[in-house]
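Residues per chain are reported as follows:
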Amino acid sequence: MPLLGLLPRRAWAALLSQLLRPPCASCTGAVRCQSQVAEAVLTSQLKAHQEKPNFIIKIPKGTRDLSPQHMVVREKILDLVISCFKRHGAKGMDTPAFELKDFDIAGQFDPMIPDAECLKIMCEILSGLQLGDFLIKVNDRRIVDGMFAACGVPESKFRAICSSIDKLDKMAWKDVRHEMVAKKGLAPEVADRIGDYVQCHGGVSLVEQMFQDPRLSQNKQALEGLEDLKLLFEYLNLFGIAEKISFDLSLARGLDYYTGVIYEAVLLQTPTQAGEEPLNVGSVAAGGRYDGLVGMFDPKGHKVPCVGLSIGVERIFYIVEQRMKTKGEKVRTTETQVFVATPQKNFLQERLKLITELWDAGIKAEMLYKNNPKLLTQLHYCESTGIPLVVIIGEQELKEGIIKIRSVASREEVAIKRENLVAEIQKRLSES
């Protein structure tokens, strides 16, 4: 039975988004982000043993008013994210999501292939956004649980100790150790054993090293997780992104939800430039494997393995916004390519004829809504809004059957025949 047949689609989304979806890149600790909608993995076509992957893009809903400049930046970010998802075969779905973008793969597939693609997608998006150097931390729920068991952590304290380890990106190990011992009652020697692991990070060589570890090598769960990570790194090498991935034993976020591989992308700090404040934004993307969620709501208990990622659009937007503010960069709020101007009075009809010709040719054009605007006012408008080209028509141009084209940046003007206007504009736009 298709899972969505049990409840209306929106009811499933509302229920699961509040209870079960793994934390997104905008969440901290075990806080559940209601903007992550489990509808991303529940579709009417999804069955327990489907053969084709089901990729889904979720559409964000705005939660604050934005200026036209901010909307331009936001749209560019979202367009890049969505185009990457579509490049990897995603389907779109409108859900009550907030400021994030999710990509999920649901279905029974061979190990680590969809997981590796999710990491590839994450790398493509973060590289395309040009936010600076980044690193994706990778771990596995089974390795963490196996590590705790091998170190002597009581099973009842697993999640509590996870929440402490999760703070290692903000706190020193000695402070995390103190919290585990003094506040959560962990034996000091057990905390010290955990410390030997959670301060380790590296590539596939670290995975190989953990196979030889006298504690982890005796734990079945940990060995299963290490086997999968070894395979994962093989695929990451083939995808050409292994150098961006770090096996990090301190990554423990969201383990109440994840069943296997987990990952989190962070921006690497660069030296702060003069006048620039450091941006401590935490992770900008996260995800992992959560195989147990869908089956919890299927009366027949069909298992639908799922893996996915979330892009923290709100955090990314904040980073871009702050950098633009620091550098004093201006953002064009329109895509206008040509402005239709006149230096003389009583030329509204000619301007309307001219702009209609440009619109009909698919050229983005505008003009001032005045009968007799001053030429200087029109040119200043083009400069302030970043419109690259101005076409000028006046008495002399009308008499001679020509049009002047002015480059706003260089202020150079050339005269062309009226009938060649569209072709000349299109040529210039294609070269720019």
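Figured I'd write up the structure that's included with this text. The shown structure was predicted, so the numbers you read here are calculated from the model rather than taken from an experiment. Once a new chain begins, its residue numbering starts again from 1 and follows that chain's sequence as written. Whole-chain, interface and lining totals are the exception, using all residues; otherwise, since this is a predicted model, local features are given only for residues with pLDDT of at least 70 and side-chain atom pairs are given and counted only at 80 or more. Side-chain calculation: all heavy atoms of the structure are included, whereas hydrogens and water are not.

1. Comments concerning the overall build of the protein
Helix numbering and strand numbering both begin at the N terminus, where a helix is a DSSP run of H or I of at least 4 residues and a strand a DSSP run of E of at least 2. The helix and strand inventory of the protein stands at 14 helices and 14 strands. Counting only residues that meet the buried cut, the protein has 50% of its 432 residues in that class. Of the contacts made within the protein by residues no fewer than 6 positions apart, 69% connect residues no fewer than 24 positions apart. In this description, accessible areas are obtained by the Shrake-Rupley approach with a 1.4 Å probe, and a residue is regarded as covered only by the protein chains that are shown. As displayed, the protein has an accessible area near 21000 Å², and 52% of this comes from carbon and sulfur atoms. The cut-offs for exposure are 20% and 50% of the maximum accessible area for each residue type, with area from a 1.4 Å probe on protein chains only; residues under the lower value are buried, those over the upper are exposed, and the others partly exposed. We call two residues contacting when some pair of their heavy atoms lies within 4.5 Å.

2. What to know about the environment of Lys120
One can find Lys120 in helix α3 (residues 113-129). In this structure the C-alpha to C-alpha distance between Lys120 and Ile241, which are 121 residues apart in sequence, comes to 6.9 Å. Contacts of Lys120, omitting those with residues within four sequence positions, involve His88, Phe239 and Ile241.

3. Side note on the side chain of Gln378
The topology assignment puts Gln378 in helix α12 (residues 375-385). Distance and chemistry together define a polar contact, namely a pair of N or O atoms within 3.5 Å, with one atom able to donate a hydrogen and the other to accept it when in protein, and with adjacent residues in sequence counting only for side-chain atoms on both sides. A polar side-chain atom of Gln378 sits 3.4 Å from the main-chain carbonyl oxygen of Pro373.

4. Observations regarding the sheet that holds strand β14 (residues 413-417)
Two modes of strand pairing occur in sheets, parallel and antiparallel, and in both the strands are linked by backbone hydrogen bonds. With mixed pairing, five strands are arranged side by side in an open sheet as β11-β10-β12-β13-β14. Lying at the two open borders of the sheet, with one neighbouring strand each, are β11 (365-366) and β14. Between any two strands, pairing holds if DSSP finds at least two bridges. Bridge count for strand β10 (residues 338-341) against strand β12 (residues 389-392) is four bridges, and the pairing is parallel. Directly across from Val340, in β12, lies its bridge partner Val391.

5. Regarding the packing of aromatic side chains
When the centres of two rings from Phe, Tyr and Trp lie within 6.5 Å, Trp using its six-membered ring, the rings pair. Their planes under 30 degrees apart give stacked, over 60 give edge-to-face, and anything left gives tilted. Inspection of the entire model under this criterion finds three aromatic pairs. When the centroid spacing of 5.2 Å and the interplanar angle of 50 degrees are considered together, the rings of Phe85 and Phe103 count as tilted. Of this pair, Phe85 sits in helix α2 (residues 68-87) while Phe103 is found in strand β3 (residues 101-106), placing the two residues 18 residues apart along the sequence. Taking the centre distance of 5.6 Å and the plane angle of 50 degrees together, the rings of Phe339 and Tyr381 count as tilted. Highlighted residues: Phe339 in strand β10 and Tyr381 in helix α12, separated in sequence by 42 residues. Overall, Phe339 belongs to the buried group, its relative accessible area being 0%. Ring-over charges, as used throughout, are those where CZ of Arg or NZ of Lys falls within 6 Å of the ring centre and within 35 degrees of the ring normal. The aromatic ring of Phe317 is capped on one face by Arg74, whose charged end is 4.5 Å from the ring centroid.

6. Thoughts on the pairing of strand β9 (residues 306-311)
Counting buried positions along β9 yields six of six residues, so the element is predominantly enclosed. What you see with β9 is no split at all: Cys306, Gly308 and Ser310 on one side and Val307, Leu309 and Ile311 on the other are buried throughout. In the sheet, β3 pairs with β9 via six bridges, with the strands oriented antiparallel. From the neighbouring strand, Ile105 faces β9, where its bridge partner is Val307.

7. Notes on the packing of helix α4 (residues 141-151) against helix α5 (residues 158-165)
Lines are fitted to the C-alpha atoms to define the axes, a helix being fitted only along its stretch in contact, and any angle between axes, read from their N-to-C directions, falls within 0 to 180 degrees. It is the contact of α4 with α5, at a shortest axis distance of 11 Å, that shows an interaxial angle of 110 degrees. When the axis of α4 is compared with that of α5, the two are roughly perpendicular. Touching Arg141, Val144, Asp145, Met147, Phe148 and Ala149 of α4 are Phe158, Arg159, Ile161, Cys162 and Ile165, all from α5. Each residue receives one of three labels: charged for Asp, Glu, Lys and Arg, nonpolar for Ala, Val, Leu, Ile, Met, Phe, Trp, Tyr, Cys and Pro, and polar for the others, Gly being one of them. Partitioned by chemical class, the residues of the contact of α4 with α5 number eight nonpolar, no polar and three charged. Just so you know how the angles are binned, under 35 degrees is roughly parallel, over 145 roughly antiparallel, 65 to 115 roughly perpendicular, and the rest oblique.

8. Overview of helix α6 (residues 173-183)
Burial in α6 covers these residues: Trp173, Val176, Glu179 and Met180. One face of α6 carries all of its buried residues, which in axial projection span an arc of 125 degrees. Looking at α6, the residues exposed on the side facing more than 90 degrees away from the buried face are Lys174, Ala182 and Lys183. In the core, the buried residues of α6 are packed alongside α5 and α7 (188-198). Phi for Gly185, located one or two positions after α6, is positive at around 70 degrees. For this quantity, the arc is that covered by the directions from the helix axis to the C-beta atoms.

9. Some details on α3
The end-to-end C-alpha separation of α3 is 25 Å, in line with the 24 Å expected for 17 residues at 1.5 Å each. For α3, the tally of buried residues reaches twelve of 17 residues, placing the bulk of the element in the interior. Pro114, Asp115, Ala116, Glu117, Cys118, Leu119, Ile121, Met122, Cys123, Ile125, Leu126 and Leu129 are the residues of α3 that are buried. Residue Gln130 follows α3 closely and has a positive phi angle near 55 degrees. Take the number of residues in a helix, subtract one, and multiply by 1.5 Å to get its expected span.

10. As for the nonpolar core
Core analysis: the biggest nonpolar cluster contains 75 residues, and Ile136, Phe148, Ile165, Ile194, Phe247 and Tyr263 have the highest contact counts within it. Broken down by element, this core gets its largest block of residues, nine residues, from α3. Sequence-distant contacts of Phe148, that is, excluding residues within four places in its chain, are made with Val153, Phe158, Ile161, Cys162, Ile165 and Ile194. Take the buried residues of types Ala, Val, Leu, Ile, Met, Phe, Trp, Tyr and Cys, join any two whose side-chain atoms come within 4.5 Å, and each joined set is a nonpolar core. Within the second largest apolar cluster, 19 residues are counted, among which are Val340, Phe347, Leu354 and Met367.

11. Notes on the pattern of salt bridges
Salt bridges are identified by distance alone: a Lys or Arg side-chain nitrogen within 4 Å of an Asp or Glu carboxyl oxygen. For the structure shown, the criterion picks out 23 salt bridges. Of the charged contacts, one joins Glu350 and Lys353 as a salt bridge, the two residues approaching to 3.6 Å between their closest N and O atoms. Here the residue Glu350 and the residue Lys353 both occupy positions in helix α11 (residues 348-360), the gap between them amounting to three residues, near one helical turn. Each member of the salt-bridge network shares a partner with another, and the members are Arg87, Lys120 and Glu124.

12. Regarding unusual backbone geometry
Positive phi, normally seen in glycine, also occurs at Asn346, with a value near 60 degrees. Structurally, Asn346 can be placed in the loop between β10 and α11. Note on Asn346: relative accessible area 70%, which makes it exposed. The phi dihedral of Arg411 falls on the positive side, at around 65 degrees, and the residue is not glycine. Along the chain, Arg411 falls in the loop between β13 (402-407) and β14.

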